[in-house]
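Chain by chain, the residues run as shown.
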Amino acid sequence: MRLALYTGIILAGGYACLTPALAADPTGDWRVADGVANIRVAQCNGSMWGAVSWEKKPGGRDENNPDVSKKNRPTLGMPTLIDMKKKPGADQWEGQVYNAQDGQTYSATITPVGTDQLEIKGCVMGFLCGGETWTRVGPPIPLSPANAMAKGAPKSTSAAPKAQGAQQGAQPAAQAPQATTGATAPAPAAKTAAATKPGQKGAADPVGDICLLPDIAGLAH
């Protein structure tokens, strides 16, 4: 039952509407209402995405997913907010939310309330709408390096080994490991930066940049 709360969606009842602050930022880590999980929200290729970044009780599995191949995937790192687009003229994003309780995906909106709360609302077929409010536990997240370097990085990375080879002609083999390390540098760097976020105090962050998670990177393009 606790998996349902990872999405923050309650498909009955709801909370009173609150006025969003101007220029609010929905990115960062958010604690769900009952405190069982944190959801990390980040902008990936122009849309907002969210994934489970911390669990009060580790080891959860997405056992209700209708896709048999995903039933055993860990809920840590599991996408919850999917491809949410900003509504013109409003500090609100709309898209989909994955409900791990029943393995279904529903329409949803996220709305920052001030700087420290995020209101989540979801609906089933346009009715039975409800939601809850999450509390910020991590600061806003800068644009993912996976987006900022989308086209430029591969070209500059491949060019670097050639330049090194020309200047260090007598040591081509010694330069190869450096080129390989440089090509994969963005992912570890993102995880290191995220490791200091609140909610992960004193421990390595196992999720890091959610834009690099396979379940999100394969769709956010």
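Because the structure is a prediction, the values reported are computed rather than measured. (Residues numbered from 1 in each chain as written. Predicted model: local features only at pLDDT ≥ 70, side-chain atom pairs only at ≥ 80, totals over all residues. Heavy atoms only, no water.)

A. Just the environment of tryptophan 93, in detail. Topologically, tryptophan 93 is positioned in strand β5 (residues 93-99). Since its relative accessible area comes to 7%, tryptophan 93 is described here as buried. With residues up to four places along the chain from it excluded, the contact list for tryptophan 93 reads Ala24, Pro26, Met48, Met84, Lys85, Lys86, Ala108, Thr109, Ile110 and Pro112. (Helix = DSSP H or I, 4+ residues; strand = E, 2+ residues; numbered from the N terminus. Buried < 20%, exposed > 50% of the residue type's maximum accessible area, 1.4 Å probe, protein only. Contact = heavy atoms within 4.5 Å.)

B. View of the pattern of salt bridges. Taken as a whole and assessed by the stated rule, the structure comprises six salt bridges. The partner of aspartate 29 in a salt bridge is arginine 40, with the nearest N and O atoms 2.7 Å apart. Linking aspartate 29 in strand β1 (residues 28-31) with arginine 40 in strand β2 (residues 37-44), this pair joins segments that are 11 residues apart in sequence. With respect to burial, aspartate 29 and arginine 40 carry one shared label: buried. The salt bridge partner of lysine 86 is aspartate 91, with a shortest N-O separation of 3.9 Å. Assessed through its relative accessible area of 43%, lysine 86 is described here as partly exposed. Judged by relative accessible area, aspartate 91 falls into the buried class, the value being 13%. What emerges from the salt-bridge pattern is a single network uniting Asp29, Arg40 and Asp205. (Salt bridge = Lys/Arg side-chain N within 4 Å of Asp/Glu carboxyl O.)

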